[in-house]
Amino acid sequence: MKQLKEFTIPFVGLKVGKHHFDYKIEQAFFDHFEYEDFNSCDIKVDLLLEKKATLLELNFQVSGTVNVNCDVTNEPFDLPIANEFDLVIKFGEEYNDDHIDILIIPHGEYEINVQQYIYELVVLALPSKRIHPGVEDGTLDSEILDKLEELSPKLKDKKEDKEETDPRWNTLKKLLTDK
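Described below are features of the structure shown in this document. Keep in mind the model is a prediction, meaning the values are calculated, not measured. (Residues numbered from 1 in each chain as written. Predicted model: local features only at pLDDT ≥ 70, side-chain atom pairs only at ≥ 80, totals over all residues. Heavy atoms only, no water.)

Here's the deal with the nonpolar core
Here is a general trend for soluble globular proteins: nonpolar side chains tend to be buried in one another's company. As a reminder, the rule being used: Here, the term nonpolar core denotes a set of buried Ala, Val, Leu, Ile, Met, Phe, Trp, Tyr and Cys residues that are joined through side-chain atoms within 4.5 Å. The classification of residues rests on relative accessible area computed with a 1.4 Å probe and restricted to protein chains. Under 20% of the type maximum is buried, over 50% is exposed, and intermediate values are partly exposed. The helix count covers DSSP runs of H or I at least four residues long, the strand count covers runs of E at least two residues long, and both are numbered beginning at the N terminus. Any two residues whose heavy atoms approach within 4.5 Å are treated as being in contact.
Residues Phe30, Ile43 and Phe60 are the most contacted members of the largest nonpolar core, which totals 40 residues. Elements that contribute at least two residues to this core include exactly strand E2 (17-25), helix H1 (27-32), strand E3 (40-51), strand E4 (55-69), strand E5 (76-92), strand E6 (102-106) and helix H2 (115-125). The contact partners of phenylalanine 60, leaving out residues within four places of it in the chain, are Asp46, Leu47, Asn83, Glu84, Phe85, Leu87, Val114, Tyr117, Ile118 and Leu121.

What about unusual backbone geometry?
The phi dihedral of glutamate 34 is positive, around 60°, even though this residue is not glycine. Given a relative accessible area of 67%, glutamate 34 falls into the exposed group. Backbone geometry places asparagine 74, a non-glycine residue, at a positive phi of 65°. In this fold, asparagine 74 is placed in the loop between E4 and E5.

Remarks on the pairing of E5
Cut-off, in case you're wondering: Note on pairing: DSSP must find at least two bridges between two strands before they are called paired.
The sheet contact formed by E4 and E5 spans 15 bridges and is antiparallel. Note on E5: the bridge partner recorded for leucine 58 is leucine 87. With antiparallel pairing between neighbouring strands as the criterion, E4 and E5 make up a hairpin whose turn holds six residues, including asparagine 74 at a positive phi of roughly 65°. In terms of strand pairing, E5 meets E6 through five bridges, oriented parallel. Paired with isoleucine 89 across the bridge in E6 is leucine 103.

Written out as structure tokens, the structure is:
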């Protein structure tokens, strides 16, 4: 996948210490990854890069909203998201990303691209089931909800169940409660 150059950080020219990077993520970013679960998005990424003598420490903080469709009613709504991730970048003989929060890059590298980490951080911030807030509190008026209510199985009253049972079983049920 082609790397977006605005997410490439040339760390060689940075002084030892903390450096702050801000990114505003919009729908075009997810179009680049061919991720189509969002209708739109407005996400802010705060990246704090701390350069040390032998390694780099990155702290990603993501917050904002994504417009997604409800899994129950298919109605679009704005879902607030927030997530955080720490990454340590070390230098070694060859590239190695076997560990979740440690990245080893070759000694000759002079820049790092963070677009994949931002993408994964946003996608993993989403809940597995996206339910419109109006469904949870009962304020959403939707034809789909009305149809689901109409088609849902109804619970029978306990009185009806007692009338349908054969009276011969009642004597046997007493045996379960007698000691």
